[in-house]
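Here are the chains, one letter per residue:
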Amino acid sequence: MEKPIIEVEHLTFRYDKRVKTETLSDVSLCIHKGEWVAIVGQNGSGKSTLARMLVGLLTPESGTIRIDGKVLNEQTKWELRSRIGMVFQNPDNQFIGTSVQDDVAFSLENLNIPYHEMKSRVDYAIDLVGLSAFKAHDPSHLSGGQKQRVAIAGVLALNPDVLLLDEAFVMLDPRSRRELLQTLQELNKNQDITIISITHDMNEAASSDRVMMMKKGKIVNSGTPKEVFSNVQDLEPPFAEKLRRTLISRNINVPEHYMTEEEMVRWLWK
Ligand SMILES: Nc1ncnc2c1ncn2[C@@H]1O[C@H](COP(=O)(O)OP(=O)(O)OP(=O)(O)O)[C@@H](O)[C@H]1O
Ligand SMILES: [Mg+2]
């Protein structure tokens, strides 16, 4: 296993210090370089709060966050922020530039990078997300999927170790969602970029390396999709698992364990 890129120990947080209930309660986790981790859980369970904390937008009440071995604090957060790129749900709120390349370049503005390197990084990032033909286009006129690609390119231009996606695919139609997921899966494999994806889409979670489930500010389950979806009953299961449970309820003899979509297809064809 590769070394940890993110280590979180005993993280606790409340938005309102007068309230006793903790928004994050003793959260510990470890994510290794190159992993694809899906964070799932009901509305209000603390997923976005945890995400904001990982990029230094919120300060923990207690506990520590280490990025690549370095403790995240007031002094280190500016430097460490470029290691974790975060993409949010609604891409419309994220545009600044009037062309795709300007917008992507803007994320590098504060880094004092020489012009040539800036240009090559911007081109590279735009190419990675498949938008080379749209460089000069106005990002506000693009489709939802393309806008989200621009937002991701802006983050990738920073050359981050980790891409943190907070329901970044919600606004997309199924096709753009599939295409973007595939692009990210390739980045994850070929560039060794660690991906943390907060999602309500269990089919997406099913294709991750590891699923972490949050409930009331705690991580209550963590394991391979197989482990988590077989154990947890109050999670809307991925399609293949739903089908398996329906078949069981109709007294059809199916394997007793969770199956991925491919395993299910293979089994059905037998
Ligand atoms: N800025 C804020 N100020 C006060 N309370 C907040 C703030 N943001 C979130 N909360 C509260 O903190 C808790 C956790 O919210 P959070 O947004 O982290 O949940 P989530 O798991 O991301 O939910 P969702 O799936 O709906 O996005 C909720 O009870 C929420 O109401
Ligand atoms: Mg959220």
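Rules behind the numbers
- Residues numbered from 1 in each chain as written.
- Chains lettered and ligands numbered in written order.
- Predicted model: local features only at pLDDT ≥ 70, side-chain atom pairs only at ≥ 80, totals over all residues.
- Heavy atoms only, no water.
- Helix = DSSP H or I, 4+ residues; strand = E, 2+ residues; numbered from the N terminus.
- Rg over C-alpha atoms; globule rule 2.2 N^0.38 Å.
- Buried < 20%, exposed > 50% of the residue type's maximum accessible area, 1.4 Å probe, protein only.
- Areas by Shrake-Rupley, 256 points an atom, 1.4 Å probe, with all protein chains shown as cover.
- Core = buried A, V, L, I, M, F, W, Y, C linked by side-chain atoms within 4.5 Å.
- Domains from an automatic or database assignment.
- Contact = heavy atoms within 4.5 Å.
- Polar contact = N/O pair within 3.5 Å; in protein donor to acceptor, adjacent residues only side chain to side chain.
- Buried area = accessible area lost by both parts, 1.4 Å probe.
- Near = heavy atom within 4 Å.
- Phe/Tyr/Trp six-rings, centres within 6.5 Å; stacked < 30°, edge-to-face > 60°.
- Lys NZ or Arg CZ within 6 Å of the ring centre and 35° of its normal.
- Axes fitted to C-alpha atoms, helices over the stretch in contact; angles between N-to-C directions.
- Parallel < 35°, antiparallel > 145°, perpendicular 65-115°, else oblique.
- Left-handed = near helix turned anticlockwise from the far one by under 90°.
- Nonpolar A, V, L, I, M, F, W, Y, C, P; charged D, E, K, R; others polar.
- Pairing = 2+ DSSP bridges.

Draft legend 1. The arrangement of the overall build of the protein in detail. Secondary structure assignment for the protein yields 10 helices and 10 strands. Taken over the C-alpha trace, the protein has a radius of gyration of 20 Å; the compact-globule value for 270 residues is 18 Å, and the two agree within 12%. For the protein, the spread of C-alpha atoms along the three principal axes comes to 65 × 50 × 35 Å. Here the protein holds 270 residues, and the buried ones make up 47% of them. As displayed, the protein has an accessible area near 14100 Å², and 50% of this comes from carbon and sulfur atoms.

Draft legend 2. Representation of the nonpolar core in the model. Core analysis: the largest hydrophobic core is formed by 34 residues, its most contacted members being Val-104, Ile-152, Leu-156, Leu-163, Leu-165 and Leu-184. Elements with a contribution of two residues or more to this core: helix 3 (100-106), helix 4 (115-128), helix 5 (144-156), strand 7 (162-166) and helix 6 (174-190). Here this core takes 6 residues from helix 5, the largest share from any one element. Mapping this core onto the domain boundaries places at least three of its residues in each of domain 1 (1-83 + 161-230) and domain 2 (100-159).

Draft legend 3. Examining the environment of Gln-89 more closely. Note on placement: Gln-89 falls in the loop between strand 6 (84-87) and helix 3. Residues within four places of Gln-89 in sequence aside, it is in contact with Gln-148, Asp-166, Glu-167, Ala-168, Val-170 and Met-171.

Draft legend 4. Main features of the side chain of Ser-176. You can see Ser-176 is positioned in helix 6. Ser-176 gets classed as buried once you look at its relative accessible area, which sits at 13%. A distance of 2.6 Å separates a polar atom in the side chain of Ser-176 from a polar atom in the side chain of Asp-173.

Draft legend 5. Focus on the domain arrangement of the protein. You can read the domains of the protein as domain 1 (1-83 + 161-230), domain 2 (100-159) and domain 3 (237-270). Relative to domain 3, the C-alpha centre of domain 1 lies at a distance of 29 Å. Residue-level contacts link 7 residues of domain 1 with 8 residues of domain 3. It is Asn-203, Lys-226 and Phe-229 in domain 1 that bury the most area against domain 3; as a group they hold 70% of the surface buried on that side.

Draft legend 6. The arrangement of the site of ligand 1 in detail. Taken together, 13 residues sit near ligand 1, with Asn-43, Gly-44, Lys-47, Ser-48 and Thr-49 positioned nearest. Here Tyr-15 contributes a side-chain N or O atom positioned 3.4 Å from a nitrogen atom of ligand 1. In the environment of ligand 1, an oxygen atom lies 2.9 Å from a nitrogen or oxygen atom belonging to the side chain of His-200. Starting from 630 Å² of accessible surface for ligand 1 in isolation, the protein chains cover 57%.

Draft legend 7. Layout of the packing of aromatic side chains. Within this structure, the stated rule accounts for 1 aromatic pair. Relative to Tyr-15, the ring of Phe-13 has its centre 4.9 Å away and its plane inclined at 85 degrees; by these criteria the two rings are edge-to-face. Classification of Phe-13 by relative accessible area gives buried; the value is 6%. Directly above the aromatic system of Phe-13 lies the positively charged group of Lys-17, at a separation of 5.2 Å from the ring centroid.

Draft legend 8. Structural view of the packing of helix 5 against helix 6. Relative to each other, helix 5 and helix 6 sit at 20 degrees, their axes nearing to 10 Å. The angle between the axes of helix 5 and helix 6 places the two elements in the roughly parallel class. Seen along the crossing, helix 5 lies across helix 6 with a hand that is right-handed. Note on element contacts: helix 6 touches helix 5 through Ser-176, Glu-179, Leu-180, Thr-183, Leu-184 and Leu-187, opposite Gly-145, Gln-148, Arg-149, Ile-152 and Leu-156. Of the residues in the contact of helix 5 with helix 6, the class split is 5 nonpolar, 4 polar and 2 charged.

Draft legend 9. Local environment of the sheet that holds strand 1 (residues 4-13). With antiparallel pairing, 4 strands are arranged side by side in an open sheet as 2-1-4-5. Edge positions in the sheet fall to strand 2 (24-32) and strand 5 (70-71), since each has one partner strand and no second. In terms of strand pairing, strand 1 meets strand 4 (residues 62-67) through 5 bridges, oriented antiparallel. If you follow Thr-12 over to strand 4, its bridge partner there is Ser-62. Along the sheet face, helix 1 (residues 47-54) touches strand 1, strand 2 and strand 4 and points at about 120 degrees away from the line of strand 1.

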